[in-house]
Amino acid sequence: MDLGIAGKRALVCASSKGLGLGCAEALAEAGVNLVMNARGEEALVQAAQEIRDSYGVEVVTIAADVATADGQAKLLEAAAGVDILVNNAGGPPPGLWSDWERDDFIKALDANMLAPIALMKALLPGMMERGWGRVVNITSQSVKAPIAVLGLSNSARAGLTGYVAGTSRQVAGSGVSINNLLPGIHATDRAVSLDTGVMNQQGISMEEAKAQRAATIPAGRYGTRGEFGAACAFLCSQHAGFIIGQNILLDGGSTNSTL
């Protein structure tokens with residue numbers, strides 16, 4: 001399927017690896033020129049060059065922490081006038097409800113709620129003026145069904161979800177669609193981190209920890225960055241203009257709900 005977005009520009013946050021990289025790759029395959037961001041410059045530069053070599057698109061790299069005002073300023077300078085925004089940031093660490101203090105919540109909010117809101121506020125006006133734009137926020141399945149040990153993530157991402165629910169309907173008439181992708185477990189560094197925690201807590205091997213988690217997923221496996229990226233690229237395509245303010249699960253069926 002021709003996604004109809006060749007030649008457009010996209011800012012993809014946290015895209016040197018994992019789900020963000022999957023989104024960058026899928027957009028590049030569709031002919032989209034990229035502004036890629038990550039905190040680690042070495043991995044970012046390598047990922048960007050691989051995308052240039054594979055797809056022949058223009059790629060600008062900005063090594064910065066999107067959770068900071070300085071990082072956001074650098075990104076917005078490079079990404080002025082983009083047609084597509086993919087918000088993404090690493091999730092906060094797991095723990096118990098009694099572990100977290102105010103500063104922990106502020107860090108989670110900065111990365112997983114306030115940063116994507118700041119980028120949307122800055123870039124939406126230009127998209128609306130041009131009459132076309134796409135925003136995809138990578139959140140989590142936890143906004144549909146909270147995960148007890150991820151209370152920081154539950155809280156911050158739920159806040160972003162509420163913001164998008166209202167904002168998406170205010171900008172849709174200007175040709176801009178905003179939606180959220182809710183990943184379950186995918187084969188990324190985040191899964192490795194969570195499985196390592198289970199391994200250490202239960203005294204089992206990494207293979208056993210992974211198999212234990214995979215058994216809870218109806219699909220029987222972890223997702224891949226490629227299939228996640230393809231879903232993101234579709235939401236950024238010309239075909240997705242009537243999809244507004246939705247929260248789309250990509251979790252292999254692990255969230256047990258009717259709606």
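Residues numbered from 1 in each chain as written. Predicted model: local features only at pLDDT ≥ 70, side-chain atom pairs only at ≥ 80, totals over all residues. Heavy atoms only, no water.

### Quick word on the sheet that holds strand β2 (residues 33–38)
Inference 1: If you walk across this open sheet you meet the seven strands as β3-β2-β1-β4-β5-β6-β7, and the pairing is parallel. Every interior strand has two partners, whereas the edge strands, β3 (59–63) and β7 (247–250), have only one. Along the sheet, successive strands turn relative to each other by an average axial angle of 15°, direction set aside.
Inference 2: Where helix α3 (residues 69–78) meets the sheet, it contacts β1 (9–12), β2 and β3, and its direction lies at approximately 165° from that of β3.
Inference 3: In this fold helix α8 (residues 225–235) packs onto β4 (84–87), β5 (133–138), β6 (176–183) and β7, with an angle of close to 165° to the strand it touches most, β6. (Pairing = 2+ DSSP bridges. Helix = DSSP H or I, 4+ residues; strand = E, 2+ residues; numbered from the N terminus. Axes fitted to C-alpha atoms, helices over the stretch in contact; angles between N-to-C directions. Contact = heavy atoms within 4.5 Å.)

### Re the packing of helix α1 (residues 18–29) against helix α2 (residues 41–55)
Inference 1: As a packed pair, α1 and α2 sit with axes 10 Å apart at the nearest point and diverge in direction by 25°. Considering their axes alone, α1 and α2 lie roughly parallel with respect to each other. Pair α1 / α2 crosses with right-handed handedness. Together, L21, A24, E25, A28 and E29 of α1 and A47, I51 and Y55 of α2 make up the contact between the two elements. (Parallel < 35°, antiparallel > 145°, perpendicular 65-115°, else oblique. Left-handed = near helix turned anticlockwise from the far one by under 90°.)

### Some thoughts on the side chain of H186
Inference 1: Following the sequence through the fold, H186 ends up in the loop between β6 and α6 (189–202).
Inference 2: With relative accessibility at 6%, the residue H186 sits in the buried group.
Inference 3: With near-sequence residues (within four places) excluded, H186 lies in contact with L19, A191, Y222, G223, T224, F228 and L250. (Buried < 20%, exposed > 50% of the residue type's maximum accessible area, 1.4 Å probe, protein only.)

### A few points about α2
Inference 1: A rise of 1.5 Å per residue sets the reference length of α2, with its 15 residues, at 21 Å; its end C-alpha atoms lie 21 Å apart and thus fit the reference within 8%.
Inference 2: Taken residue by residue, α2 has L44, A47, A48 and I51 as its buried positions. Down the axis of α2, the sector holding all buried residues measures 100°, keeping them to one side. Turned more than 90 degrees off the buried face of α2, the exposed positions are E42 and D53. (Expected span 1.5 Å × (residues − 1). Arc of directions from axis to C-beta.)

### Notes on the packing of aromatic side chains
Inference 1: One pass over the structure, following the stated rule, counts one aromatic pair.
Inference 2: For the ring pair W100 and F105, a centre distance of 6.2 Å and an interplane angle of 80° mean the geometry is edge-to-face.
Inference 3: The buried category is assigned to W100, whose relative accessible area is 13%.
Inference 4: Between K8 and the ring centre of W132, over which it is positioned, the NZ or CZ distance is 4.3 Å. (Phe/Tyr/Trp six-rings, centres within 6.5 Å; stacked < 30°, edge-to-face > 60°. Lys NZ or Arg CZ within 6 Å of the ring centre and 35° of its normal.)

### Digging into the pattern of salt bridges
A side chain of one charge can pair with a side chain of the opposite charge if their charged atoms are brought near each other.
Inference 1: Scanning the model with the defined rule gives six salt bridges in all.
Inference 2: The partner of K74 in a salt bridge is D70, with the nearest N and O atoms 3.5 Å apart. Of the two residues, K74 and D70 both sit in helix α3, four residues apart, roughly one turn of that helix.
Inference 3: In this structure, R130 engages D83 in a salt bridge whose closest nitrogen and oxygen atoms are separated by 3.9 Å. You can see R130 sitting in helix α4 (residues 102–130) and its partner D83 sitting in the loop between α3 and β4, a full 47 residues away along the chain.
Inference 4: R130 gets classed as partly exposed once you look at its relative accessible area, which sits at 42%.
Inference 5: We classify D83 as buried; its relative accessible area is 13%. (Salt bridge = Lys/Arg side-chain N within 4 Å of Asp/Glu carboxyl O.)

### A short note on the environment of V149
Inference 1: In this structure, V149 sits in the loop between β5 and α5 (151–171).
Inference 2: When the C-alpha atoms of V149 and P93 are compared, they prove to be 8.8 Å apart, with 56 residues separating the residues in sequence.
Inference 3: Sequence-distant contacts of V149, defined by excluding residues within four places in its chain, comprise P94, G95 and W100.

### Some remarks on the environment of T224
Inference 1: Along the chain, T224 falls in the loop between α7 (206–214) and α8.
Inference 2: A relative accessible area of 37% means that T224 is categorised as partly exposed.

### Remarks on the packing of α4 against α5
Inference 1: Where α4 contacts α5, the two axes come as close as 8 Å, and the packing angle between them is 15°. When the axis of α4 is compared with that of α5, the two are roughly parallel. In this structure, α4 crosses over α5, and the sense of that crossing is right-handed. Here α4 contributes D104, F105, A108, L109, N112, M113, P116, I117, M120, K121, L124 and M128 to the contact with α5, which in turn contributes L152, S155, A156, R157, G159, L160, Y163, V164, T167 and V171.

### Some details on the nonpolar core
Inference 1: Ranked by internal contacts, the top residues of the largest apolar core, which has 34 residues, are L27, L34, M36, I51, I84 and V86.
Inference 2: Sorting the residues of this core by element identifies β1, α1, β2, α2, β4, β5 and α8 as the ones contributing at least two each.
Inference 3: With seven residues, α1 is the largest single contributor of residues to this core.
Inference 4: Leave out the neighbours within four places in its chain, and L34 touches A10, V12, A24, L27, A28, I51, E58, V59 and V60. (Core = buried A, V, L, I, M, F, W, Y, C linked by side-chain atoms within 4.5 Å.)

Geometric values such as these leave the question of function open.
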